[in-house]
Amino acid sequence: IPLCYWSTILMKITMKRFLLIITIAFSTVCFANAQRIGYLNSENILNQIPEYVIATQNLDELADSYKSLIEVELGKVDKLYRNYQNNKSYYTASQKQSKENQIIEAERAVKEMQDEYFGEGGVMAQKSEQLLGPIRERVQAAIDTVSKQRGYQLVIDLAVVTGVVYFDDSQSLDNEVIKILKQ
């Protein structure tokens, strides 16, 4: 058997060993740097805070009162429209136009009222931020503390993530976060 044949075989064996060593080393590095992942349910945590429960009840009551005001105004618009429909055969063209404009303006006013109360920068959004913002900041600070103490690089909130099929309750950070919040 020629010498070059043996050197080729030896080279292949050496190359396979080298690749195996590189693969093992790479796997070890990957596992050593694996991220620790924790989870919690922010709704469970928030519902354990009396200030949060009271604030959400106040917000719900306020929202109900604003909804009632809007429903009253919608009732007025509906009454205007029904009155117009019942009497439009008696109106002149200019009276019809005037009544239609009145209905359109009333609908626009109701839409503006809805935006004022429930819009992105509306009264409810501002009140929610005023009442719940400080509580959420405290909860976030507690979550940060627990995450750093336990060495987590990623914490998943089950209240906002869909599609979680399994989790071990004993690994939840909820109780530790609640404990910090009660201190």
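Scope of this entry: the structure provided in the associated data block.

Calculation criteria
- Residues numbered from 1 in each chain as written.
- Predicted model: local features only at pLDDT ≥ 70, side-chain atom pairs only at ≥ 80, totals over all residues.
- Heavy atoms only, no water.
- Helix = DSSP H or I, 4+ residues; strand = E, 2+ residues; numbered from the N terminus.
- Buried < 20%, exposed > 50% of the residue type's maximum accessible area, 1.4 Å probe, protein only.
- Contact = heavy atoms within 4.5 Å.
- Areas by Shrake-Rupley, 256 points an atom, 1.4 Å probe, with all protein chains shown as cover.
- Axes fitted to C-alpha atoms, helices over the stretch in contact; angles between N-to-C directions.
- Parallel < 35°, antiparallel > 145°, perpendicular 65-115°, else oblique.
- Left-handed = near helix turned anticlockwise from the far one by under 90°.
- Nonpolar A, V, L, I, M, F, W, Y, C, P; charged D, E, K, R; others polar.
- Salt bridge = Lys/Arg side-chain N within 4 Å of Asp/Glu carboxyl O.
- 1 Å grid on protein atoms, 1.4 Å probe; cavity = no way out; pocket = protein on both sides within 12 Å on 5 of 7 lines; lining within 4 Å.
- Points joined across faces, edges and corners; volume = space filled by probe spheres on them.
- Polar contact = N/O pair within 3.5 Å; in protein donor to acceptor, adjacent residues only side chain to side chain.
- Phe/Tyr/Trp six-rings, centres within 6.5 Å; stacked < 30°, edge-to-face > 60°.

### Some thoughts on the overall build of the chain
And then number 1: Each helix and strand in the chain was counted, giving six helices and two strands.
And then number 2: In the chain, the succession of α and β elements from N to C terminus is α-β-α-α-α-α-β-α.
And then number 3: Per-residue burial over the chain gives 23% buried out of 183 residues.
And then number 4: Taking the intrachain contacts of the chain between residues at least 6 apart in sequence as the baseline, contacts between residues at least 24 apart amount to 78%.
And then number 5: If you sum the accessible surface of the chain, you get close to 13600 Å²; carbon and sulfur atoms cover 57% of it.

### Re the packing of helix α5 (residues 123–150) against helix α6 (residues 174–181)
And then number 1: Following both chains from N to C, one finds α5 and α6 inclined at 120 degrees, their axes separated by 9 Å at the closest point. Taken together, α5 and α6 sit at an angle that is classed as oblique. Between α5 and α6 lies a crossing of right-handed hand. Residues Arg138, Val139, Ala142, Ile143, Thr145, Val146 and Arg150 of α5 form the contact with α6, whose own contacting residues are Glu176, Val177, Ile180 and Leu181.
And then number 2: Residue composition of the contact of α5 with α6, grouped by class: seven nonpolar, one polar and three charged.

### Things to note about the side chain of Ser147
And then number 1: Summarising the element assignment, Ser147 is placed in helix α5.
And then number 2: Overall, the relative accessible area of 8% leaves Ser147 in the buried class.
And then number 3: Not counting the four nearest positions on each side in its chain, Ser147 is found in contact with Tyr152, Val155 and Leu173.

### With respect to the pattern of salt bridges
And then number 1: For the coordinates displayed, the defined rule picks out five salt bridges.
And then number 2: In this structure, Lys76 and Glu73 form a salt bridge, with 3.3 Å as the shortest nitrogen-oxygen distance. Taken as a pair, Lys76 and Glu73 lie in helix α3 (residues 50–87) at a separation of three residues, close to a single helical turn.
And then number 3: The class for Lys76 is partly exposed, based on a relative accessible area of 47%.
And then number 4: A relative accessible area of 26% means that Glu73 is categorised as partly exposed.
And then number 5: Between Arg82 and Asp78 there is a salt bridge, with the nearest N and O atoms lying 3.0 Å from each other. Of this pair, Arg82 and Asp78 are both found in helix α3, four residues apart, which corresponds to roughly one turn of the helix.

### Digging into the layout of surface pockets
And then number 1: Roughly 200 Å³ of internal volume is contained in the largest pocket.
And then number 2: Looking at the largest pocket, it is lined by 13 residues, and the ones nearest its centre are Ser42, Val139, Gln140, Ile143 and Asp157.
And then number 3: Secondary-structure elements contributing two or more residues to the lining of the largest pocket are α2 (42–46), α5 and β2 (154–157).
And then number 4: The leading source of residues in the lining of the largest pocket is α5, at four residues.

### Looking at the side chain of Ser172
And then number 1: Looking at the element boundaries, Ser172 is found in the loop between β2 and α6.
And then number 2: A distance of 3.2 Å separates a polar atom in the side chain of Ser172 from the backbone nitrogen of Asp174.
And then number 3: Leaving out residues up to four positions away in the same chain, Ser172 has contacts with Tyr39, Leu40 and Arg150.

### Notes on the packing of aromatic side chains
And then number 1: Within this structure, the stated rule accounts for three aromatic pairs.
And then number 2: Considering the side-chain rings of Tyr66 and Tyr117, the 4.0 Å spacing of their centres and the 10 degrees angle between planes classify their relative orientation as stacked. Taken together, the residues span a long stretch of sequence, with Tyr66 in helix α3 and Tyr117 in helix α4 (residues 93–118) at a distance of 51 residues.
And then number 3: Ring centres of Tyr66 and Phe118 lie 6.4 Å apart, and the angle between their planes is 85 degrees; on these two criteria the pair is classed as edge-to-face. One end of the pair, Tyr66, is in helix α3; the other, Phe118, is in helix α4, with 52 residues separating them in the sequence.
And then number 4: Judged by relative accessible area, Phe118 falls into the partly exposed class, the value being 34%.
And then number 5: Members of the aromatic cluster, each reached through a chain of ring pairs, are Tyr66, Tyr117 and Phe118.

None of the figures reported here should be taken as evidence of function without further support.
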